[in-house]
Amino acid sequence: MDGDYIIGGVFSIHHYIHTVKHNYTTMPEPLRCTGSIDTRELRFSRAMIFAIEEINNSTKLLPGIRLGYQIHDSCASVPMAVQVAFQLSNGLDPVFYTGDNCSQSDTVMAIIGESGSTPSISMSRIIGPFNIPQVSHFATCACLSNKQEYPSFFRTIPSDQFQADALAKLVKHFGWTWIGAVRSDSEYGNNGMASFLDAAHKEGICVEYSESFYRTDPRSKIQRVADVIRRSTATVVVAFAASGDLMILFEELTQKPSPPRQWIGSEAWVTDPNMLRFTLCTGAIGFGIQQSVIPGLRDFLLDLSPTEVAQSPVLTEFWEDAFKCRLGKSAATGERLCDGTEDITTLQSPYTNKQKFRITNMVYKAVYAIAHAIYNAVCQKTNSTIHCDKLTRIESKQILAQLKKVNFSQNGYDVSFDANGDPVARYELVNWQKSKSGSIELVTVGLYDASLPVGQEFHINKNLTWVEDSTQVPSSVCSDSCPPGTRKVLQKGKPLCCYDCIPCPEGEISNATDSPDCFPCPKEFWPNAERNICFPKPVEFLSYNEVLGIILAAFSVGGACLAIITAAVFFNHRTSPIVRANNSELSFLLLFSLTLCFLCALTFIGTPSEWSCMLRHTAFGITFVLCISCVLGKTIVVLMAFKATLPGSNVMKWFGPPQQRMTVVSFTFIQVLICTIWLVLSPPFPMKNLTIYKERIILECALGSAVGFWAVLGYIGLLAVFCFVLAVLARKLPDNFNEAKLITFSMLIFCAVWITFIPAYVSSPGKFTVAVEIFAILASSFGLILCIFAPKCFIILFKPEKNTKKHLMNKNQY
């Protein structure tokens with residue numbers, strides 16, 4: 001249609017081009033389309049005509065100006081698209097060519113189309129150098145956003161980069177990490193899939209296979225792609241393909257059905273009504289352009305009379321194919337003539353689809369975007385009056401500059417372009433669901449808005465139907481998620497999503513699903529049995545609340561009571577010969593020190609503290625030295641007593657009670673000095689021992705200085721050995737009052753206990769180290785009190801007849 005300014009249109013009304021073999025000797029035949037008409041593309045072209053006529057009939061946008069159009073069929077092929085691009089650039093279409101004069105209508109101001117990315121790229125490379133703007137309604141390849149290569153390209157449909165990101169987020173949203181991928185072997189499919197795979201990789205999604213194909217490929221290749229889908233373990237397949245290509249693959253899959261597959265589709269095919277006949281895709285989900293309402297368009301599409309149809313070869317072909325009749329005066333054998341009773345409203349095809357418009361609205365917006373650019377170039381508004389000069393000669397580069405600035409709203413839908421010529425990305429999430437009648441219908445179940453903050457882009461407001469009409473989200477993973485307490489270990493030679501779940505090693509946890517690593521618990525914590533939580537380690541020490549602690553404490557108190565009772569017995573019979581004969585002063589001092597020895601064992605039980613740690617070892621060391629000093633004093637007294645019986649001997653003058661006291665004090669003072677030096681230089685202190693047991697803490701007293709500890713024990717041992725030697729020497733002295741034999745036995749027990757204590761102490765773990773030390777204290781203390789005092793108490797209490805001076809003085813009767 002002629003006009004003051006011409007807008008070009010290029011649509012894939014046919015899907016194939018007639019192929020000819022060139023012999024290079026004759027002029028090749030003109031390119032021509034073949035195959036059946038794509039009624040959806042026909043609707044796009046008719047929507048362009050509707051928009052132009054709507055603008056021409058309105059006084060609001062371009063009053064006084066009439067827009068014209070040239071619409072071409074690219075046959076969805078690059079050669080035809082290139083030819084059309086040259087034709088539109090030259091402005092020599094025979095319909096508008098007026099001879100020698102080049103009118104304004106000879107040159108198109110802008111071009112709408114093409115539907116596919118590959119033809120659009122070819123066209124843009126040709127018309128770009130001429131600064132002819134191209135506004136595509138359906139070419140979504142992200143590569144077309146490159147203004148260095150395609151400076152004159154715009155589109156009203158979002159770039160595949162946005163769709164690829166949205167598809168990757170959709171796959172991630174439903175927990176699918178193991179998918180298959182198929183694509184058209186074209187710029188649309190290859191670039192779109194490349195963008196998707198990159199986005200999927202960032203989301204942690206693995207791809208089992210990625211196959212490409214094209215509608216013109218040999219059937220063997222289509223079969224190979226279908227076999228890959230059938231054999232795969234991924235139940236989710238993402239298809240970034242044109243509907244014409246995918247239709248061929250679906251037909252192949254229908255012949256030999258594959259296991260159930262959940263299909264995820266790109267806009268190019270998932271909203272195409274022609275594809276809804278493939279039941280194997282029931283439950284498919286994908287993104288579609290938002291549905292819209294264009295007032296008057298549906299009536300325009302259905303307002304086709306036979307007369308109007310007959311004037312257009314394309315409409316004639318559509319009419320004859322739809323109603324299986326021939327327009328005209330004659331028909332071939334077996335064909336009927338159209339009689340004028342055909343009703344287009346009864347047709348079931350994408351052209352007459354009663355749903356709201358998606359891509360059709362993109363065509364509508366593209367026409368209005370160009371019209372607004374023309375308005376900005378030739379119209380002026382003064383005092384609410386719009387004046388447009390149709391005689392103003394403008395060039396396409398002016399329209400190109402104005403298109404970059406357009407920003408308007410049409411039927412409630414905003415239209416503008418960013419620096420890359422792309423609109424704001426908004427999609428509807430669509431789902432193929434079975435209707436009550438059994439047919440598949442397209443249902444909008446949610447929205448996606450790329451302009452919203454991360455994590456808020458999705459809004460799903462309806463229940464989805466999945467593959468095989470299921471309501472459960474299908475699973476598609478290479479390996480099941482690793483639960484907390486395990487970590488992922490990649491399977492050799494396989495993608496990142498294929499892994500084994502290995503339990504965390506001892507002392508480490510993982511508290512998240514699919515954790516790549518386990519991490520150790522803090523020093524004072526230990527994992528639970530599932531190894532997903534760190535609990536504080538139980539603190540272990542010898543306490544009064546456990547059986548072992550109670551038993552040792554009972555023996556300690558019992559021993560002290562026994563010493564006190566013995567002292568009471570001795571005190572009560574202090575004037576008796578057996579008490580007086582055995583150096584009662586040293587006996588009472590020995591009983592006192594034994595009481596302290598028994599009681600010092602209590603300092604080893606309970607929570608170690610700074611004071612208890614210093615007290616337990618020093619009290620033990622000093623009281624035992626006091627005890628051994630008394631025993632040593634008694635032993636020396638025995639020896640001195642028999643020396644004193646020799647004629648002319650006055651030894652007892654040199655070892656009387658003052659000397660005995662001095663001996664005890666001197667020996668004890670040395671131990672006090674050792675303990676003082678130990679406490680000053682490196683005293684014992686409470687410590688959490690984390691090395692003996694991994695799963696619990698041993699609260700113990702560190703020695704501070706091992707030298708100090710062993711010096712205390714060594715000094716005790718030295719005195720004990722010295723005492724033992726003297727007792728052995730005095731054991732065969734006569735008379736009943738000789739207690740050297742008893743001292744010998746007591747020292748023998750004492751030394752045996754403490755010699756055994758050393759390896760037991762070193763090898764015992766944790767609180768048992770303390771228990772061994774307490775046992776040694778109690779055993780040696782009981783050995784002393786029983787060996788030295790038990791026989792005397794027995795005589796005092798049960799054999800009083802032997803508690804006489806005469807009996808004690810008798811030899812060899814003891």
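Note that this is a predicted model, so its numbers are computed, not measured.

> Help me out: how do you make sense of the overall build of the protein chain in this one?
Each helix and strand in the protein chain was counted, giving 23 helices and 28 strands. Computed over C-alpha atoms, the radius of gyration of the protein chain comes to 53 Å, more than 25% over the 28 Å expected from 2.2 N^0.38 for 814 residues, which places it beyond the range of a compact globule. Put simply, the protein chain has 814 residues, and 52% of those count as buried. Look at the contacts in the protein chain between residues 6 or more apart in sequence, and 69% of them connect residues 24 or more apart. With an accessible surface of roughly 37600 Å², the protein chain has 59% of that area assigned to carbon and sulfur atoms.

> Looking at this structure, I do not really get the packing of aromatic side chains. What am I missing?
Two numbers describe a pair of aromatic rings. These are the distance of the centres and the angle of the planes. Counted under the stated rule, the structure contains 28 aromatic pairs. When the ring of Phe318 is compared with that of Tyr351, the centres are 4.9 Å apart and the planes differ by 50 degrees; the resulting orientation is tilted. Taken as a pair, Phe318 in helix 11 (residues 313–323) and Tyr351 in the loop between helix 11 and helix 12 (359–378) lie far apart in primary sequence, 33 residues in all. There is no split in this pair, since Phe318 and Tyr351 are both buried. Here the aromatic cluster, defined as three or more aromatic residues joined through ring pairs, consists of Phe250, Trp263, Trp269, Phe278 and Trp432. Above the face of the Phe154 ring, Lys147 is positioned so that its terminal group lies 5.5 Å from the ring centre. It is Arg696 that lies over the ring of Tyr693; its NZ or CZ is 3.6 Å from the centre.

> When you look at the nonpolar core in this model, what are you seeing that I'm missing?
Within soluble globular proteins, side chains that are nonpolar tend to cluster in buried spots. Grouped together as the largest cluster of nonpolar side chains are 99 residues, with contacts concentrated most on Met48, Leu62, Leu67, Trp176, Phe196, Phe287 and Ile374. With 14 residues, helix 12 is the largest single contributor of residues to this core. The residues touching Trp176, leaving out its near neighbours within four places in the chain, are Val171, Ile205, Val236, Gln262, Ile264, Ile285, Trp466, Val473, Pro474, Ser475 and Ser476. The next biggest cluster of nonpolar side chains, apart from the first, holds 69 residues, and it includes Val579, Leu594, Ala619 and Leu632.

> I tried to follow unusual backbone geometry on my own but got confused; where do I start?
In most cases, non-glycine residues show a negative phi, while peptide bonds are predominantly trans. Looking along the chain, the bond that leaves Gly113 and enters Glu114 is cis, with omega of 0 degrees. Tracing the chain through its elements places Glu114 in the loop between strand 5 (108–112) and helix 3 (117–127). You will see that Ala76, though not glycine, has its phi angle at about 55 degrees, which is positive. Mapped onto the elements, Ala76 comes out in the loop between strand 4 (67–73) and helix 2 (78–90). Positioned with a positive phi, Asp469 is a non-glycine residue whose angle comes to about 60 degrees.

> Looking at this structure, how should I read the sheet that holds strand 9 (residues 206–213)?
What holds strands together in a sheet is hydrogen bonding between their backbones, with the strands either parallel or antiparallel. Read across the sheet, 8 strands follow the order 9-8-10-11-12-17-18-19 without closing on themselves; strand pairing throughout is mixed. Whereas interior strands pair on both sides, the edge strands pair on one side only; in this sheet they are strand 9 and strand 19 (458–460). The average angle at which neighbouring strand axes cross in this sheet is 30 degrees, direction not considered.

> I'm lost on the side chain of Ser780 in this one. Help?
Its place among the elements puts Ser780 in helix 22 (residues 767–798). Reaching out from Ser780, the side chain makes a polar contact with the backbone oxygen of Ile777 at a distance of 3.1 Å. When residues no more than four places from it in sequence are discounted, the contact partners of Ser780 are Phe624, Phe750, Val753 and Trp754.

> Would you take a moment to explain the environment of Thr352 for this structure?
Note on placement: Thr352 falls in the loop between helix 11 and helix 12. Once the C-alpha coordinates of Thr352 and Arg40 are considered, the two residues, 312 residues apart in sequence, prove to be 8.9 Å apart. Those residues in contact with Thr352 that sit more than four places away from it in its chain are Arg298, Leu302, Ile344 and Leu347.

> Would you take a moment to explain the UniProt feature "transmembrane region" (unreviewed entry) in the protein chain for this structure?
Here, UniProt's "transmembrane region" (unreviewed entry) annotation points to residues 547–571, 586–607, 619–642, 663–681, 709–730, 742–762 and 774–798. Between the C-alpha atoms that bound residues 547–571 the distance is 36 Å, and the span itself is 100% helix and 0% strand. Secondary structure content for residues 742–762 is 100% helix and 0% strand, while the C-alpha to C-alpha distance between its ends is 31 Å.

> How do you make sense of the pattern of salt bridges when you look at a structure like this?
Pairing of side chains with opposite charge becomes possible as their charged atoms draw close. In this structure the tally under the stated criterion is 22 salt bridges. A salt bridge links Lys397 to Glu395, with the nearest nitrogen and oxygen atoms 3.9 Å apart. Since its relative accessible area comes to 47%, Lys397 is described here as partly exposed. A network of salt bridges, in which partner residues are shared, links Glu540, Glu695 and Arg696.

> Mind showing me how you'd approach the packing of helix 2 against helix 3 here?
Any two packed helices are characterised by how steeply their axes cross, that is the angle between the axes, and by the distance between the axes. Direction vectors running N to C along helix 2 and helix 3 enclose 30 degrees, while the axes themselves pass 9 Å from each other. Every pair of crossing elements has a handedness; the one defined by helix 2 and helix 3 is right-handed. Residues Val78, Ala81, Val82, Ala85, Phe86 and Ser89 of helix 2 lie in contact with helix 3, whose contacting residues are Thr118, Pro119, Ser122, Met123, Ile126 and Ile127. Of the residues that constitute the contact of helix 2 with helix 3, the class distribution is 9 nonpolar, 3 polar and no charged.

> What is the right way to look at the state of the cysteines in this model?
Every disulfide links exactly two cysteines, by a covalent bond between their sulfur atoms. Using the criterion set out here, one finds 10 disulfides in the structure. Paired by a disulfide, Cys141 and Cys143 hold their sulfur atoms 2.3 Å apart. Across the S-S bond of Cys141 and Cys143 the torsion is about 130 degrees, and the bridge reads as right-handed. Of the residues examined, Cys141 reaches a relative accessible area of 0% and is grouped as buried. By relative accessible area, Cys143 is classed as partly exposed at 22%. Through a disulfide, Cys325 is tied to Cys338; the S-S separation comes to 1.9 Å. Between Cys325 and Cys338, the S-S dihedral sits near 90 degrees, and the bridge is therefore right-handed.

> Could you clarify how one ought to interpret the confidence of the model for the protein chain in this entry?
As a note on interpretation, predicted positions should not be read in detail where pLDDT is low. Per-residue pLDDT for the protein chain has a mean of 86; in total, 92% of the residues score no lower than 70. At the low end of the mean pLDDT range in the protein chain sits helix 18 (residues 651–654), at 55; at the high end sits strand 6 (residues 134–136), at 97. Within the model, the stretch residues 95–104 combines pLDDT values under 50 with 15 contacts to residues more than four positions away or in other chains.

> I would appreciate a short explanation of helix 6 (residues 219–231) in the present structure.
One turn of an α-helix holds 3.6 residues; hence residues three or four places apart share an orientation. The terminal C-alpha atoms of helix 6, which comprises 13 residues, lie 18 Å apart, in line with the 18 Å expected from a rise of 1.5 Å per residue. Looking at helix 6, one finds that the buried residues are Ile222, Val225, Ala226, Val228, Ile229 and Arg230. Residues of helix 6 that are buried make contact with strand 8 (178–184), strand 9, strand 10 (236–240), helix 7 (243–255) and strand 11 (262–265).

> What should I look at first to understand the pairing of strand 13 (residues 379–382) in this one?
The side chains of a regular strand alternate, residue by residue, between the two faces of the sheet. Across 4 bridges, strand 13 lies against strand 14 (residues 385–388) in antiparallel orientation. Within strand 14, the residue paired with Cys379 across the bridge is Cys388. From the end of strand 13 to the start of strand 14, which pair antiparallel, there are 2 residues, and Asn383 there has a positive phi angle of about 50 degrees.

> Sorry, what's going on with helix 4 (residues 160–173) here?
The terminal C-alpha atoms of helix 4, which comprises 14 residues, lie 19 Å apart, in line with the 20 Å expected from a rise of 1.5 Å per residue. Of the positions making up helix 4, those classed as buried are Asp160, Gln163, Ala164, Ala166, Leu167, Ala168, Leu170 and Val171. Between a side-chain oxygen at the N-terminus of helix 4 and the backbone nitrogen of Gln161 the separation is 3.0 Å; the capping residue is Ser159. Two residues or fewer past helix 4, Gly175 is found with a positive phi of approximately 75 degrees.

> What is the right way to read the packing of helix 4 against helix 5 (residues 187–202) from this model?
Two elements in contact, helix 4 and helix 5, have axes whose closest approach is 8 Å; the angle formed by their N-to-C orientations is 45 degrees. Overall, the two elements helix 4 and helix 5 adopt an arrangement that is oblique. Regarding helix 4 and helix 5, the two cross each other, and that crossing is right-handed. Residues Asp160, Gln161, Ala164, Asp165, Leu167, Ala168 and Val171 of helix 4 form the contact with helix 5, whose own contacting residues are Tyr188, Gly192, Ser195, Phe196, Ala199 and Ala200. Among the residues making up the contact of helix 4 with helix 5, the classes are represented as 8 nonpolar, 3 polar and 2 charged.

> Would you take a moment to explain the sheet that holds strand 27 (residues 685–689) for this structure?
A sheet is described by the order of its strands in space; here 3 strands give the open sequence 26-28-27, paired in mixed fashion. Unpaired on one side and paired on the other, strand 26 (539–540) and strand 27 mark the two borders of the sheet. Note: strand 27 against strand 28 (residues 697–702), 5 bridges, orientation antiparallel. When the bridges of strand 28 are listed, Phe685 appears paired with Ala702.

About the criteria used
- Residues numbered from 1 in each chain as written.
- Predicted model: local features only at pLDDT ≥ 70, side-chain atom pairs only at ≥ 80, totals over all residues.
- Heavy atoms only, no water.
- Helix = DSSP H or I, 4+ residues; strand = E, 2+ residues; numbered from the N terminus.
- Rg over C-alpha atoms; globule rule 2.2 N^0.38 Å.
- Buried < 20%, exposed > 50% of the residue type's maximum accessible area, 1.4 Å probe, protein only.
- Contact = heavy atoms within 4.5 Å.
- Areas by Shrake-Rupley, 256 points an atom, 1.4 Å probe, with all protein chains shown as cover.
- Phe/Tyr/Trp six-rings, centres within 6.5 Å; stacked < 30°, edge-to-face > 60°.
- Lys NZ or Arg CZ within 6 Å of the ring centre and 35° of its normal.
- Core = buried A, V, L, I, M, F, W, Y, C linked by side-chain atoms within 4.5 Å.
- Pairing = 2+ DSSP bridges.
- Axes fitted to C-alpha atoms, helices over the stretch in contact; angles between N-to-C directions.
- Polar contact = N/O pair within 3.5 Å; in protein donor to acceptor, adjacent residues only side chain to side chain.
- UniProt positions renumbered as here; feature names shortened; annotations may be inferred.
- Salt bridge = Lys/Arg side-chain N within 4 Å of Asp/Glu carboxyl O.
- Left-handed = near helix turned anticlockwise from the far one by under 90°.
- Nonpolar A, V, L, I, M, F, W, Y, C, P; charged D, E, K, R; others polar.
- Disulfide = S-S within 2.5 Å.
- pLDDT = per-residue confidence, 0-100.
- Expected span 1.5 Å × (residues − 1).
- Parallel < 35°, antiparallel > 145°, perpendicular 65-115°, else oblique.

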